[in-house]
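# Descriptive analysis of the structure
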Amino acid sequence: MVREGRGKAPAAEIVFDHVWHHYPGRAVAAIQDLSLTIPAGEICVLIGPSGGGKTTALKMVNRLIPISKGDITIDGRSVQAMDVIELRRGIGYVIQQVGLFPHMRVEDNIATTPRLLGWPDAEIRTRVRELIELVGLDPDEHARTYPSKLSGGQRQRVGLARAMAADPPLMLMDEPFGAIDPITRERLQDDFLRLHQTIRKTVIFVTHDIDEAIKMGDRIAILRPGGLLAHYDTPENILAKPADDFVARFVGADRGLKRLSLRTLREIALLDAPPDSERPGLPSASEGTKVSDALSIMLTSGNPSLLVTDDEGTVRGLVTIDLITALLSTAERSGVP
Amino acid sequence: MIGVILSLVGAGPTIPDFGRGSDCVRENGQFCMDWVVDNFGDQLLPRLIQHIELTAIAVGIGFAIAFIAALLAHRYHWVKTPFTAFSAFVYTIPSIALFQLLVPVTGLSWTSAEIALVGYTLLILFRNMLTGLQEVPRDAIDAAEGMGFTQRQILWRVELPLALPAIMAGLRIATVTTISLATIAAYIGAGGIGQPIFDGIQRGFRTQFVTAGILAVTLALVADGLLVLAQRALAPWVRYGR
């Protein structure tokens, strides 16, 4: 899935080139020989068990943690050759605890990087309003409030707006939704994915939640303890053909179901719907339903088939458990290189 | 404090002549309003202004020293212990003793008074500043660092503004303490509102030292109130209890 950069600033391609990190005084390296290329405009999720070095890898990009050996480049420029302050001002940075400045109003928090970069005031003001709306808040209601008055979800929205303020070609997100309740988290994930469709930044996203990784990532890099890259591919390919036992265990025994969650009923060639007389008692779901959810509906209703409708409720056809099984096996075959 | 002085005076000798004036003044009544009115402009007010000067200069210099020390201790951890030990030691010296100790060095003077008063402000100001700096939320600093703030920008735009409520709290205590302590500076001839208190006690004239004492207390309350207002204006993000 290659996306075209359509944001104001182009997205950047990020390359990890045989990167190592040794914490001083520790025998085992935190990151070992990490090489991966993140195409411009994609969301790359770094995931792994704790001690896998995912946050370390992320923080090496903006040099909060030094690179011991190897190099990281942004559009071909080595981060080690750049002035560290300039480098960081050119990267959006979002952390789990958000880190809003409690003594600044929402508008001033968001204006932080543009001010550091010396943008003219009028431009900053327009940009701040635009961003508050972009992340789903109301400029009139929220611009002049202090962070202490906001909910956890609203704070992370402001954190996102602040990170995007200077339109950076790269965003680093360190477990951005980790401290937020599940319902709000899901809404933030959906909103961020929608936002990403328009801004098309390159995003490096750290999480420890495999479901979040599958949902958010165009690609997922799974790190094993000691900072070794275990598997780097699209979610579909990782779930279909895990590189080894570690990856298979990490993504979970339900990886088949997780793959089904990546698809909707729209992607299945449906059977003809049965005549009206045989329909009563059959469960139904709309085309936009995830295949995994459709399967769950069948299992709970005790019926091996399900009517598929369009958004208006018109019946489009029938899906069966056999069709779903076939979907998994064809995808498995096409997933083999 | 006034009660203590009253009882001391009650026990002391009574000098019968309090100069010209009303019956109340001549008889050393409980409190003679007419004496206050007659003497406020040329006796009490200049002393009060002198007292404000004594306090402002002591707190100002103390603030500057404590500020530099706190910034150093925040940056270099080893500074904390020796400076705390030094300022705590000064703080434990009885004030009359410290004033007296300085007389052989800097004389019966304003300078001796200021040196002692500055010494007493250091512990409170330093501790509050350092605590304020150290209690700045880690995540705000992490975010600032990741966003490309320089160390200096982190200090001036994040750490110090966030430490401001703690710094102001220290400043309030230091100011009120200094106003109170500075009355004793009159003992070594540094003037201030302590002067009419000492005079009044020596002469046994109640109205004089009671009025001067009330002025000292009022000054402390007013200064504290002004600092609270300043704090609210400077740190509007803090949610104050109601």
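All figures in this text were calculated on a predicted structure; none of them were measured in a lab. (Residues numbered from 1 in each chain as written. Chains lettered and ligands numbered in written order. Predicted model: local features only at pLDDT ≥ 70, side-chain atom pairs only at ≥ 80, totals over all residues.)

Here chain A is described as being made up of domain 1 (7–89 + 200–254), domain 2 (91–167) and domain 3 (263–335). Distance from the C-alpha centre of domain 1 of chain A to the C-alpha centre of domain 3 of chain A: 37 Å. (Domains from an automatic or database assignment.)

When helix α9 (residues 194–203) of chain B is considered as a whole, its buried residues turn out to be B:G194, B:Q195, B:P196, B:I197 and B:G200. Looking one or two residues beyond α9(B), the residue adopting positive phi is B:G204, at roughly 70°. (Buried ≥ 20, exposed ≤ 12 C-beta atoms within 10 Å, placed from the backbone. Helix = DSSP H or I, 4+ residues; strand = E, 2+ residues; numbered from the N terminus.)

Residues and elements named next belong to chain B. Secondary-structure assignment places V118 in helix α6 (residues 110–134). For the pair V118 and I57, spaced 61 residues apart in the sequence, the C-alpha separation amounts to 8.4 Å. Excluding residues within four positions of it along the chain, V118 makes contact with A58, I61 and G62. (Contact = placed C-beta atoms within 7 Å.)

Residues and elements named next belong to chain A. Across the sheet, which stays open at both edges, the six strands sit in the order β6-β7-β8-β3-β9-β10 with mixed pairing between neighbours. Looking along the sheet, the strands with just one partner apiece sit at the ends: β6 (91–95) and β10 (228–233). Each adjacent strand pair in this sheet contributes to an overall mean axis angle of 15°, direction not counted. Sheet topology note: the β6/strand β7 (residues 170–174) ladder contains five bridges and is parallel. (Pairing = 2+ DSSP bridges. Axes fitted to C-alpha atoms, helices over the stretch in contact; angles between N-to-C directions.)

As a further point, take the environment of A:S292. Residues and elements named next belong to chain A. With respect to the secondary-structure elements, S292 resides in helix α13 (residues 291–301). By the C-beta count within 10 Å, which is 18 here, S292 ends up partly exposed. As a C-alpha pair, S292 and A269 span 23 residues in sequence and 16 Å in three-dimensional space. Apart from the residues within four sequence positions on either side, S292 is in contact with L257, L260 and S261.

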